[in-house]
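# A closer look at the structure
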Amino acid sequence: MRLLLLAPVIALTVTAAAAPALAVAKPSPSTIVVAADGSGDHTTVQDAVDAVPAGNTKPVTILVREGTYKQQVVIPADKPYISLVGDTSDPSRVVLTFDASASTPRPDGSGTYGTSGSASYVISAPDFTARNLTFENSYDEAAKGNSQAVAVRTTGDRQVYENVRFIGNQDTLYANTASATTVARQYFRNCYVEGDVDFIFGRATAVFHNCVIKSLNRGAADGNNGYVTAASTEISNPYGFLIYRSQLVSDAPAKTVHLGRPWPAGGSATARGQVLIRESWLGQQFKDAPWTDMSGLNWRDARLSEYLNHGPGAAVNDDRPQLTREQARQHDPEDYLRGTDGWDPFRSFPSFSDKQLGRQVLPENDGWAAEGAGTTGGSAARPENIHTVSTAAQLRAALGDPADNTPKIIYVKGAIDADTDAAGNPLTCESYAVNGYSLQAYLAAYDPAVWGRDKVPSGPLEDARKASYDKMAQHVTITVGSNVTLVGLGPDAALKSFGIRVTGADNVIIRNLTITDTSDCFPQWDPTDGEGGAWNASFDNIEISGSTHVWLDHNTLNDGDNPDSGQPTYFGRPYQVHDGLLDVVRGSNYVTLSWNHLSNHDKVTLIGNTDNGTRYGETDKLKVTLHHNHFEGLGQRTPRVRFGQVHIYNNYYTGGDDHLYSIGVGAESKAYVQANAFSGIPAEKVLSVFKGTAVTAEDNLVDGRPVDLVAAYNAANDPDLGSDAGWTPTLFTRIDPARKVAQIVPAQAGAGRLR
């Protein structure tokens, strides 16, 4: 339990004798170097702070060279504009530490340090910045017993901490204010905080952005491994702690850690802690009821909530209050930090920009992928989990084990070809063939004149085909796991010949990539498929399978320079080496496909595997939004829908010689087709029915004219198709008039056109 009556801080700075009243203080240098080996201006941080005059009005950098500096330090309120910076990009190489705990006796015999007095650093100065260093309290809790031991106590306003580590056990980071009636705003970015009990606590308004917050394993016999937060926000202050797009991790057993408890600091009757955990990744350590009471204050009387979190420790239940979308709009990072002076470190400082492509998330209400927790991909990735790749080997290594759901951002630079070996040499179909497989031998063995047309191929050559396919699949298939953003850098980022699988994953973003020519060297001949038989390939450019919260945006998908139209004909049927461009199958749910360009392909997009809704549990899933996509010169399935509530709006379709139909109304489908534009496609061929019974179609244009697509279908076909899909979409950001779609979509859809 934290000590509620905090001992006063004893000033630790040794000051020089007072100067004569009329003396003029010398201006401080703009940079003061601290080096333990004596090579700088000072050997201790406190000496450097003392060299900054009281009432300082200009920026001063205290540059600390690599090393460990053991000392209690105070940066007082009358010394603003100090930047304390480690002389390295690795914060672990500049360690500022002390080892006092609340229970440690003071050397002068005046009692114990108390919680506040245990702080290794007390930073009261406003307009303070720390960067590239570690604050630590090295008190040995295991050897000396549990006690509060603060690494940093902050009380100043407009403080920024970037790439800073805070190391301790109980009460690591005391984010506080000078008094209960003052507000102190503190911004922590790319930080690391570790501890066990109440290790982020206090009265401050503090934003933790893209931080790793690690709960240590206390090994508690009672199954309680501690509390992340203990906010003591005054009820007059709407903003306390915001943990935003961060990772909350732990080695502790599952369901043994609390998100926090409200702390009535000093017995305050007006403290009502405010904490929001937002758009963050939560590890397995959190309890199902992660908030709890403290010192007589019921957690339900405080302001403790979550919004759009992911990970094994994320959940929504009666013990985990969630903000509504409307409430969340009042709890953005800028709202916490703005104050009355408009302070904006979140956006205004270039080094703190949050506009990197990999950090962008699905906008609110942008289709089905915005449902529930929304889709944030790898936006919470730590620097060590951000990769830029330019080879197939690098891409596979960056993706890693799909079961590892640590947030990661992977930038693709340039074009990467899957059909290359480890040295980058090209591979051909012959490179994958095994067990004596050759196309010529396969054709000879299964020629209908020899094999017949009433059974599928079997025997040694079919087995060799399967083995060859398996070898190829192992080489060209890449699997994207949960909490990943895969994004192209610039207009030339491309993945050639890869089969991209989003399988059993949650929270995935794929953007700004040209994904081309996912061809199968070993398609199977099936003489029983249809009247004349068919060649069936097995690779999709992208397959979303059994996954949730997936956003595909501004991608270009096609067959590249290897179209099926250029393939030969065998057994009177086209030798088809491509399957789908983009399928959403096996019970996938909450998917948004936006601003993609799909072209020159036959079978494009399946939504749903089979007409049997129970096989993959698809009956109440397959909720997909397609908007502002450019479907150019395609054959069919744009998309073909089974079961799902699918919103198809503001897409632009152009026909071609191989066009069969655009939108397939499959079994129990609930497609809502709205404000699309079709050019060069007969109105009666926009829709085709595959056991479906109804579709809602409104405000669509065909060749620039308003057309009732259902009426056009019914005029040419029997039986009639119903015109009410039975639901109305609510998740969309805007719906453009169909007359504008033909102009805006071709100009903006596809890779390299992000704005």
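Residues numbered from 1 in each chain as written. Predicted model: local features only at pLDDT ≥ 70, side-chain atom pairs only at ≥ 80, totals over all residues. Heavy atoms only, no water.

## Let's talk about unusual backbone geometry
Cis geometry marks the peptide bond from Thr638 to Pro639, where omega comes out at 0°. Inspection of the secondary structure assignment puts Pro639 in the loop between β43 (630-632) and β44 (640-641). The peptide bond linking Asp718 to Pro719 adopts the cis configuration, its omega dihedral lying at -5°. Take Pro719: it is sitting in the loop between α11 (709-716) and α12 (738-748). Backbone geometry places Asn600, a non-glycine residue, at a positive phi of 50°. With respect to the helices, strands and loops of the structure, Asn600 is situated in the loop between β40 (597-599) and β41 (606-607). Positioned with a positive phi, Lys691 is a non-glycine residue whose angle comes to about 75°. With respect to the secondary-structure elements, Lys691 resides in the loop between β50 (687-690) and β51 (696-698). (Helix = DSSP H or I, 4+ residues; strand = E, 2+ residues; numbered from the N terminus.)

## Quick notes on the state of the cysteines
Within this structure, the stated rule accounts for two disulfides. Through a disulfide, Cys429 is tied to Cys521; the S-S separation comes to 2.1 Å. Linking Cys429 and Cys521, the disulfide has an S-S dihedral of approximately -75° and is accordingly described as left-handed. Residue Cys429 is found in helix α7 (residues 429-432), and its partner Cys521 is found in the loop between β30 (514-516) and β31 (524-526); the two are separated by 92 residues along the sequence. Of the residues examined, Cys521 reaches a relative accessible area of 12% and is grouped as buried. Cysteines bonded in the protein are numbered consecutively along the chain; their disulfide partners then correspond to 1-2, 3-4. (Disulfide = S-S within 2.5 Å. Buried < 20%, exposed > 50% of the residue type's maximum accessible area, 1.4 Å probe, protein only.)

## Description of the confidence of the model for the protein
Per-residue confidence for the protein averages 92 on the pLDDT scale, and 95% of its residues sit at or above 70. Note that pLDDT drops below 50 for residues 350-355; the model gives that stretch 17 contacts with residues more than four away or on any other chain. (pLDDT = per-residue confidence, 0-100. Contact = heavy atoms within 4.5 Å.)

## Observations concerning the pairing of strand β42 (residues 624-627)
Side chains Val624 and Leu626 of β42 all project onto a buried face; the interleaved residues Thr625 and His627 project onto the opposite face, where all are buried too. For strand β39 (residues 589-594) and β42, the ladder comprises four bridges, and the chain directions are parallel. For Thr592, the partnering residue across the bridge sits in β42 and is Thr625. In this sheet, strand β45 (residues 645-649) lies alongside β42 in parallel orientation, the contact comprising four bridges. Residue Thr625 lies in a different strand from β45, and its bridge partner there is His647. (Pairing = 2+ DSSP bridges.)

## Quick word on the packing of helix α8 (residues 439-446) against helix α10 (residues 460-476)
Closest axis-to-axis distance for the α8/α10 pair is 10 Å, and the angle between their directions is 140°. Here α8 is positioned oblique relative to α10, judged by the angle of their axes. Handedness of the crossing formed by α8 with α10: left-handed. Of the residues in α10, those touching α8 at Ala441, Tyr442, Ala445 and Tyr446 are Leu461, Glu462 and Arg465. In the contact of α8 with α10, the residues fall into five nonpolar, no polar and two charged. (Axes fitted to C-alpha atoms, helices over the stretch in contact; angles between N-to-C directions. Parallel < 35°, antiparallel > 145°, perpendicular 65-115°, else oblique. Left-handed = near helix turned anticlockwise from the far one by under 90°. Nonpolar A, V, L, I, M, F, W, Y, C, P; charged D, E, K, R; others polar.)

## So, the nonpolar core
Of all hydrophobic cores here, the largest spans 84 residues; its most connected members are Leu395, Leu495, Phe498, Ile500, Ile544 and Leu687. The contacts of Leu395, once residues within four sequence positions are left out, are Val389, Ile410, Ile478, Leu486, Leu495 and Phe498. Counting 56 residues, the second-largest nonpolar core is a separate cluster that includes Ala130, Ala151, Tyr161 and Ile243. (Core = buried A, V, L, I, M, F, W, Y, C linked by side-chain atoms within 4.5 Å.)

## Some points on the packing of aromatic side chains
One pass over the structure, following the stated rule, counts 33 aromatic pairs. Centroid distance Tyr649 to Phe732: 6.4 Å. Interplanar angle 70°. Geometry classified as edge-to-face. In this pair, Tyr649 sits in strand β45 while Phe732 sits in the loop between α11 and α12, placing the two residues 83 residues apart along the sequence. Among the residues examined, Phe732 registers a relative accessible area of 30% and is labelled partly exposed. (Phe/Tyr/Trp six-rings, centres within 6.5 Å; stacked < 30°, edge-to-face > 60°.)

## Examining the pattern of salt bridges
Inspection of the entire model under this criterion finds 25 salt bridges. Residue Arg320 is joined to Glu306 by a salt bridge in which the shortest nitrogen-to-oxygen separation is 2.8 Å. Pair noted here: Arg320 is in the loop between β23 (303-307) and α4 (325-328) and Glu306 is in strand β23, with a separation of 14 residues, a long-range link. Taken as a pair, Arg320 and Glu306 share a single burial class, namely buried. Two residues, Glu462 and Arg465, come together in a salt bridge whose shortest N-O distance is 2.9 Å. In this pair, Glu462 and Arg465 both sit in helix α10, three residues apart, roughly one turn of the helix. (Salt bridge = Lys/Arg side-chain N within 4 Å of Asp/Glu carboxyl O.)

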